[in-house]
Amino acid sequence: MSRNDLIQLLYIVAFSLFIYGLMGLTGPRTAVRGNRIAAVGMAIAVIATLLIGGMGNWGLIALGVAVGTAIGVPAARQVRMTAMPQMVALFNGVGGGAVALIAWVEFRHTGGFAGEPTYVAIFSLFAAIVGSVSFWGSNIAFAKLQELLPGRPITVGPGRTQQVLNLLLLVAAITCGTAIVSGSEAEILMIALLLAAAILGNFVVLPIGGADMPVVISLLNAFTGLSAAATGVALNNTALIVAGMIVGASGSILTNLMAQAMNRSIPSIVAGGFGGVVTTGGTSEDGVERVVRSTSASDAAVQMAFANRVVIVPGYGMAVAQAQHAVHEMTKLLEQKGIEVSFAIHPVAGRMPGHMNVLLAEADVPYEQLHEMDQANSEFARTDVALVIGANDVSNPDARNKADSPIYGMPILNVDESASVIVLKRSMNSGFAGIDNPLFYGEKTSMLFGDAKASVSEISEELKAL
Amino acid sequence: MLLTNLAILVLAGFTGYLTISKVPNTLHTPLMSGTNAIHGIVVLGGIIVLGLGVDGALNKLLLVIAIAFGTINVVGGFLVTDRMLEMFKSRPAPRAEAQEDAGPDAPRR
């Protein structure tokens, strides 16, 4: 067996492990093992690559790997569970960045793909555009979630200007690419292509409001996968093709599932729609002053202590306040009083799908207490108290009732069907999507203002005293 | 060679599609994070191009950055996913235990 055969064989082993590992990731019981199996596959793929004949530059390769490890390991170890979405965005971004850089060097190294088959140029340039978009888009997503940039949509110019500009940038990138494929060797074209794609990446994510962010990260994840697959075709590397394409395909499905959960189409999200209507609480559109009933922690505690069934609806507010442990503490106190407690998890609550599940799992909340949307909605009618912790848009009845609301049609948790609602909220500011929530003005609703963690701890203290 | 690679590309696409089509909501975040780690495989591209030799300091510098980026993607991605998934593990069994020492949840970090 030649060395090349051995490498190909190891690649086959590697991508089999990727697929097997991913299959494991789809079930709660096998997930940890699945992830580790995929990691083993990655190690095998790296070893196989190092076996390629005529390899050199070992010092530089080691340097790159060492720097990457020195940055990646502590980042992954130390990131707080609540900051997970940003971290995934960042890891995704650097992957896209790597793709774009490789394509750029390929261009320089081959003198503008001179003497290379046309398909190599096409796939490399595709990878360069998509990788660059993914890198910059992910960085903007990171900055928005990390609150380095405002979460609200940022647009250039009025109306459709943004979309026209985006289209022009894409056309510019493709034009540069076409010129390179048809024989031009000027490096300025390659730099222009990368630059246009970079600006496009910024422009595509900047106008997107926070509520759509999970979908965007997932979409960029799929993009990076596709660009990795394209790099694989250009470099004739099976492991890259298979791994990249699997991620491209699975990421697309995941994106679609999430978009469906919000009843939004992916094109309309990318075009940037959310947050167009910005109304802050206090007055309705017709200017009528609306009344918000605020409550105290002790009242909330009493209300829950005499309930039979309490449903907790967590949202991004719980994540930012790091309130998951305090919440679990409170549920245990309620359960000691014989009250049935469950959690209603909206598929896009928080900033990523499953965000709430991860946080609550971190706080040791039993898996069986977490109810998904359909199950939860069938239970609200016989619920005494629904406790909404920093979840705005997923509980907004406008999505059901008000046809001109930007979130109209998005499936929501029917919190307002329960006998009473307590909303924990920092202030009357509207949610990330910038949409007012009539739930707060409902007759059954009382608001408990303040930091979610502090409020929940106070309620726990009051419960203990009861 | 191109056609073989295209065939692999298409088949891998369908494989990815079929593998993922049935995942509970709960696992969406770890799954995204896990697939995210897998596309870090681009690090191989950087290693191949650099290993087979390029000229010029700029080319080398760009590739070292690419390899570092790819490594961050791989190592960070798998570690983060592992951390997330560890929390889902051991759910039903140690529950009784957890309820016994029901004191204030010690911050775990």
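Quick notes on the rules
Residues numbered from 1 in each chain as written. Chains lettered and ligands numbered in written order. Predicted model: local features only at pLDDT ≥ 70, side-chain atom pairs only at ≥ 80, totals over all residues. Core = buried A, V, L, I, M, F, W, Y, C linked by C-beta atoms within 7 Å. Buried ≥ 20, exposed ≤ 12 C-beta atoms within 10 Å, placed from the backbone. Contact = placed C-beta atoms within 7 Å. Helix = DSSP H or I, 4+ residues; strand = E, 2+ residues; numbered from the N terminus. pLDDT = per-residue confidence, 0-100. Nonpolar A, V, L, I, M, F, W, Y, C, P; charged D, E, K, R; others polar. Axes fitted to C-alpha atoms, helices over the stretch in contact; angles between N-to-C directions. Left-handed = near helix turned anticlockwise from the far one by under 90°. Parallel < 35°, antiparallel > 145°, perpendicular 65-115°, else oblique. Pairing = 2+ DSSP bridges.

Chemist: When you look at the nonpolar core in this model, what are you seeing that I'm missing?
Modeler: If you look at soluble globular proteins, the nonpolar side chains tend to sit buried side by side. Ranked by internal contacts, the top residues of the largest apolar core, which has 194 residues, are A:A243, A:I246, A:V313, A:I389 and B:I41. Residues in contact with A:V313, not counting those within four places in the same chain, are A:A344, A:A386, A:L387, A:V388, A:I389, A:A391, A:S395, A:L413 and A:V415.

Chemist: How should unusual backbone geometry be read in this particular structure?
Modeler: Apart from glycine, the bulk of residues carry a negative phi angle, and the bulk of peptide bonds sit in the trans form. Residues and elements named next belong to chain A. Non-glycine residue F113 carries a positive phi angle of around 60°. Examined against the element boundaries, F113 turns out to sit in the loop between α4 (84-109) and α5 (118-145). Although it is not a glycine, N236 adopts a positive phi angle of roughly 55°. On the secondary structure map, N236 appears in the loop between α8 (213-235) and α9 (238-261).

Chemist: What is the right way to look at the confidence of the model for chain A in this model?
Modeler: One rule of thumb: low pLDDT means the predicted coordinates there are not for detailed reading. Considering every residue of chain A, the mean pLDDT works out to 86; 92% of them sit at 70 or more. Segment residues 273-288 of chain A: pLDDT under 50, and 31 contacts once partners within four positions in sequence are set aside and those in other chains are kept.

Chemist: Sorry, what's going on with the interface of chain B and chain A here?
Modeler: Contacts between chain B and chain A engage 79 residues on the former and 99 residues on the latter. For the side of chain B that touches chain A, the secondary-structure elements that each account for two or more residues are α1 (2-20), α2 (28-38), α3 (42-51), α4 (57-88) and α5 (95-100) of chain B. In terms of residue count, the dominant contributor to the side of chain B that touches chain A is α4(B) (28 residues). Grouping the amino acids of the side of chain B that touches chain A by side-chain chemistry returns 44 nonpolar, 27 polar and 8 charged.

Chemist: Help me understand the environment of B:V42, please; the structure alone is not making it clear to me.
Modeler: Along the polypeptide, B:V42 turns up in helix α3. As for B:V42 and B:V54, which are separated by 12 residues in sequence, their C-alpha atoms are 18 Å apart. Every residue in contact with B:V42, bar those within four places of it in the chain, is listed here: A:G95, A:A98, A:V99, A:I102, A:A228, A:T231, A:L240 and B:G70.

Chemist: Can you help me understand the packing of α5(A) against helix α7 (residues 187-205) of chain A in this one?
Modeler: If you want to describe how two helices pack, look at the angle between their axes and the distance between the axes. Residue and element names in this part refer to chain A. Between α5 and α7, the shortest axis-to-axis distance is 7 Å and the interhelical angle comes to 40°. Crossing of α5 over α7 shows right-handed handedness. Contacts between α5 and α7 pair L125, A128, I129, S132, V133, S134, F135, W136, G137, I140 and A141 from the former with L193, L194, A197, A198, L200, G201, N202, V204 and V205 from the latter. Of the residues in the contact of α5 with α7, the class split is 15 nonpolar, 5 polar and no charged.

Chemist: What exactly am I supposed to notice about the environment of A:V120 here?
Modeler: Within the secondary structure layout, A:V120 lies in helix α5. Each C-alpha atom, one on A:V120 and one on A:M42, is 25 Å from the other, the two residues being 78 residues apart in sequence.

Chemist: Explain the packing of helix α6 (residues 161-181) of chain A against α7(A) here, please?
Modeler: Residue and element names in this part refer to chain A. Interaxial distance between α6 and α7 falls to 9 Å at its minimum, and their mutual angle equals 155°. Our classification of the angle between α6 and α7 gives roughly antiparallel. The hand of the α6/α7 crossing is left-handed. Counted together, Q162, L165, N166, L169, L170, A172, A173, C176, G177, A179 and I180 of α6 and L189, M190, A192, L193, A196, A197, I199, L200, F203 and V204 of α7 form the full contact between these two elements.

Chemist: Help me understand the environment of A:L193, please; the structure alone is not making it clear to me.
Modeler: Assignment of secondary structure puts A:L193 in helix α7. Separated by 103 residues in sequence, A:L193 and A:S296 place their C-alpha atoms 58 Å apart.

Chemist: Any chance you could explain the pairing of strand β4 (residues 385-389) of chain A here in plain terms?
Modeler: Each regular strand carries side chains that alternate between the two faces of the sheet. All names here are of chain A. In terms of burial, β4 is largely enclosed, as 5 of its 5 residues are buried. In β4, alternate side chains face the same way, and those of V385, L387 and I389 on one face and A386 and V388 on the other are all buried. Of the pairings in the sheet, the one linking strand β1 (residues 309-314) to β4 comprises 5 bridges and is parallel in character. Bridging across to β4, V311 finds its partner in A386. Alignment of β4 against strand β5 (residues 420-425), held across 5 bridges, turns out to be parallel. Across the sheet, the residue bridging to V388 is V423, located in β5.

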